[in-house]
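Chain by chain, the residues run as shown.
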Amino acid sequence: MLTWAWVTRLQLQAALRGLVLTAVLMPTPYERVLTLAFAQRPGEAAAVRLVYECARYSNLLLVGPDDAVLAAAHQVRRRTAGLAAPLACDVCGATGHTF
């Protein structure tokens, strides 16, 4: 039986194959978000980014070059996504993401 952890692991392996880590970013000091950028070669634009949200409900997001979320370790259900006020996304600036 495949679980979300296995699906995410397989997606990460497929997405990161052949890429190198080119940057480790923390948007602002004391921010609970860490971004790892991966590209074909050092100095090139990031092909994908791995965004780690460290909070009570941590999450790991695989983000494409167009800021689209390709995979998420913790999938938020539509009925629970509306419980919190929509905030601007740290990755792309949009509001109201549901995975």
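Shown above is the structure to which this text applies.
Residues numbered from 1 in each chain as written. Predicted model: local features only at pLDDT ≥ 70, side-chain atom pairs only at ≥ 80, totals over all residues. Heavy atoms only, no water.

Caption draft 1: Highlighting the overall build of the protein chain. Within the protein chain one finds 2 helices and 5 strands. When the helices and strands of the protein chain are placed in sequence order, the string is α-β-β-β-β-β-α. Counting all 99 residues of the protein chain, 18% fall into the buried class. In the protein chain, of all internal contacts separated by at least 6 residues, the share reaching a separation of at least 24 is 20%. Element-wise, carbon and sulfur atoms account for 59% of the exposed surface of the protein chain, whose accessible area totals about 7,100 Å². (Helix = DSSP H or I, 4+ residues; strand = E, 2+ residues; numbered from the N terminus. Buried < 20%, exposed > 50% of the residue type's maximum accessible area, 1.4 Å probe, protein only. Contact = heavy atoms within 4.5 Å. Areas by Shrake-Rupley, 256 points an atom, 1.4 Å probe, with all protein chains shown as cover.)

Caption draft 2: Quick peek at a nonpolar patch on the surface. On the surface, L21, V24, M26, L34 and Y52 cluster together into a nonpolar patch covering about 450 Å² of accessible area. Here L21 shows up in strand β1 (residues 20-25). For L21, a relative accessible area of 48% gives the class partly exposed. (Patch = residues over 30% accessible without salt bridge, like charges linked within 9 Å, V, L, I, M, F, W, Y side chains within 5 Å. Salt bridge = Lys/Arg side-chain N within 4 Å of Asp/Glu carboxyl O.)

Caption draft 3: Structural context of the pattern of salt bridges. In the structure shown here, the tally under the stated rule is 2 salt bridges. With a closest N to O distance of 3.6 Å, E44 and R41 form a salt bridge. Between D67 and R49 there is a salt bridge whose closest N-O contact spans 2.6 Å. Of this pair, D67 sits in the loop between β4 (59-63) and β5 (69-72) while R49 sits in strand β3 (residues 48-53), and the two are 18 residues apart along the sequence.

Caption draft 4: Representation of the sheet that holds β1 within the structure. Read across the open sheet, the 5 strands follow the order β1-β2-β3-β4-β5; overall the sheet is antiparallel. The two strands at the open ends of the sheet, each matched to only one other strand, are β1 and β5. Across this sheet, the average inter-strand angle for adjacent strands is 20°, counted without regard to direction. Across 6 bridges, strand β2 (residues 33-39) lies against β3 in antiparallel orientation. Across the sheet, the residue bridging to F38 is V48, located in β3. (Pairing = 2+ DSSP bridges. Axes fitted to C-alpha atoms, helices over the stretch in contact; angles between N-to-C directions.)

Caption draft 5: Summary view of the nonpolar core. L12, L19, F38, V48, L50, L62 and A71 form the largest nonpolar core, which has 7 residues in total. With residues near it in sequence (within four places) discarded, F38 still touches L16, L19, V20, L21, T22, A46, A47, V48 and L50. Among the nonpolar cores identified, the runner-up in size contains 5 residues, and V33, V51, L61 and V63 belong to it. (Core = buried A, V, L, I, M, F, W, Y, C linked by side-chain atoms within 4.5 Å.)

Caption draft 6: Representation of the side chain of N59 in the model. When you line up the elements, N59 lands in strand β4. Ignoring anything within four residues of it in the chain, the contact list for N59 reads V51, Y52, E53, A72, A73 and H74.

Caption draft 7: Fine view of the environment of H74. Assignment of secondary structure puts H74 in the loop between β5 and α2 (78-81). Once the C-alpha coordinates of H74 and T8 are considered, the two residues, 66 residues apart in sequence, prove to be 9.3 Å apart. Once residues within four sequence positions are removed from consideration, H74 is found in contact with S58 and N59.

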